[in-house]
Amino acid sequence: MNNSDFDSYLTKVGLTSKPALTEEGLKALHNAQHRRIPFENFDIALGKSISLSDEDLINKLIHKERGGYCFELNGLLLKTLKATGFDTRALLGRVHLAGEPTGRSHQVSVVKLDGQLWIVDAGFGSHTPRSPLPLVTDKELSTDIQTFRFIETEQFGYMLQVKLPDDNEGFIWQSLYSLDMTNVYDADKSYGNFYVSNHPKSLFVTSRIAAFPIENGIVTIFNNTMKKVVNGITEETVLEENESYLETLRTQFGIKLEASFSDLKPLVTD
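Everything quoted here is computed from the prediction, not taken from an experiment. (Residues numbered from 1 in each chain as written. Predicted model: local features only at pLDDT ≥ 70, side-chain atom pairs only at ≥ 80, totals over all residues. Heavy atoms only, no water.)

Under the counting rule described, the total for this entry stands at seven aromatic pairs. Taken together, a centroid distance of 6.1 Å and an interplanar angle of 55° make the contact between Phe39 and Phe204 tilted. Here Phe39 is found in strand E1 (residues 39-40), whereas its partner Phe204 is found in helix H7 (residues 203-206), with 165 residues between them in sequence. A residue is classified by how much of its surface remains accessible, and Phe39, at 8% relative accessible area, is buried. (Phe/Tyr/Trp six-rings, centres within 6.5 Å; stacked < 30°, edge-to-face > 60°. Helix = DSSP H or I, 4+ residues; strand = E, 2+ residues; numbered from the N terminus. Buried < 20%, exposed > 50% of the residue type's maximum accessible area, 1.4 Å probe, protein only.)

See the structure below:
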């Protein structure tokens, strides 16, 4: 990332200067991107390929009113972390939300700061950590409205779990993704990105998805259902299948598609 692109990024996410190489600076950088660039897969819904080139990531995520998914969002964040001066590299994780683990299809960054490793993730949809998380095990880690923990497993390495309420007024630990800390190369990212954006059974191929954090909550779209959760209270809206759908993307998520509603692929039905 050159100086011009770095300055454009800072302007895009609302930062007036380069963050310091401190815990506070790391959190400020993550927070700025996470609160400004949405999670979404609408290029896939438009039948477009997902490019991870520097030029395409910068053009789409910085210069346009668009977002992306993990390979894009965390790809851009990794470049910015490096340009800022953080000691960082990419990791690929297995997603465990459906029970059975996926291949290594989720990209995050690991940052080493003053001897402590931090997991930095701005691209995991509705469960995106709202702050970088120190990689420590068996300890509750809180953001403003979330509680996570890492546990260490023999089979998968470090497992990130989120604390969620259950039906009996208690709570459960939902496994999100696992990290085995192995080195990641551009080819690994390309393999994962191609599978996620092209396989007919990939959620990102069969569905329309968006997520955007708001004060004390989050707003999401899954196909034609929009949910706004604030202080634990959920408001649900069914979106019409017409041009008003694109207006909702623009007003609620800051996503401006250079397309018409009819350009979106039809939803996959059983």
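As a packed pair, helix H4 (residues 54-63) and helix H5 (residues 70-84) sit with axes 10 Å apart at the nearest point and diverge in direction by 105°. Viewed along their axes, H4 and H5 adopt a mutual orientation that is roughly perpendicular. Residue-level inspection shows Asp54, Leu57, Ile58, Lys60, Leu61 and Ile62 of H4 in contact with H5, the latter providing Glu72, Leu73, Gly75, Leu76 and Lys79. A per-class count over the contact of H4 with H5 returns six nonpolar, one polar and four charged. (Axes fitted to C-alpha atoms, helices over the stretch in contact; angles between N-to-C directions. Parallel < 35°, antiparallel > 145°, perpendicular 65-115°, else oblique. Contact = heavy atoms within 4.5 Å. Nonpolar A, V, L, I, M, F, W, Y, C, P; charged D, E, K, R; others polar.)

Across the six residues of strand E10 (residues 209-214), five count as buried, placing the element largely inside the fold. Across two bridges, E1 lies against E10 in antiparallel orientation. Looking at the pairing, Phe39 lines up with Ala211 of E10. Here six bridges tie E10 to strand E11 (residues 217-222), and the two strands are oriented antiparallel to one another. When the bridges of E11 are listed, Ala210 appears paired with Ile221. Taking the residues between adjacent antiparallel strands as the criterion, E10 and E11 are bridged by two residues, where Asn216 takes a positive phi near 60°. (Pairing = 2+ DSSP bridges.)

A few words now on the pattern of salt bridges. Scanning the model with the defined rule gives 17 salt bridges in all. A salt bridge links Glu236 to Lys227, with the nearest nitrogen and oxygen atoms 4.0 Å apart. When its relative accessible area of 35% is taken as the criterion, Lys227 is described as partly exposed. Beyond isolated ion pairs, a larger network of salt bridges with shared partners links Glu40, Asp43, Lys60, Arg66 and Glu72. (Salt bridge = Lys/Arg side-chain N within 4 Å of Asp/Glu carboxyl O.)

To continue, consider the nonpolar core. Formed by 38 residues in total, the largest nonpolar core has its most connected members in Tyr9, Tyr69, Leu81 and Val111. With seven residues, the top contributor of residues to this core is H5. (Core = buried A, V, L, I, M, F, W, Y, C linked by side-chain atoms within 4.5 Å.)

On to the sheet that holds strand E12 (residues 225-230), then. Reading across from one edge, E1-E10-E11-E12-E13 is the order of the five strands in this open sheet, with antiparallel pairing throughout. Here the strands that pair on one side only, and so sit at the sheet edges, are E1 and strand E13 (233-238). Here helix H8 (residues 243-253) sits on the sheet in contact with E10, E11 and E12, set at roughly 160° to E11.

We now examine the environment of Leu73. Within the element layout of this structure, Leu73 appears in helix H5. Distance from Leu73 to Lys60, taken between C-alpha atoms, is 10 Å for residues 13 residues apart in sequence. Sequence-distant contacts of Leu73, that is, excluding residues within four places in its chain, are made with Gln33, Ile37, Pro38, Phe39, Leu61, Gly68, Ala122 and Gly123.

For the rest of this paragraph, the subject is H4. Within the sequence span of H4, burial applies to Leu57, Ile58, Lys60, Leu61 and Ile62. Packing partners of the buried residues in H4 comprise helix H1 (3-13), helix H3 (42-45) and H5.

Two elements in contact, helix H2 (residues 23-34) and H5, have axes whose closest approach is 11 Å; the angle formed by their N-to-C orientations is 145°. As for how H2 packs across H5, the hand of that crossing is right-handed. Where H2 abuts H5, its residues Leu26, Leu29, His30 and Gln33 lie against Leu73, Leu76, Leu77, Thr80, Leu81 and Thr84. (Left-handed = near helix turned anticlockwise from the far one by under 90°.)

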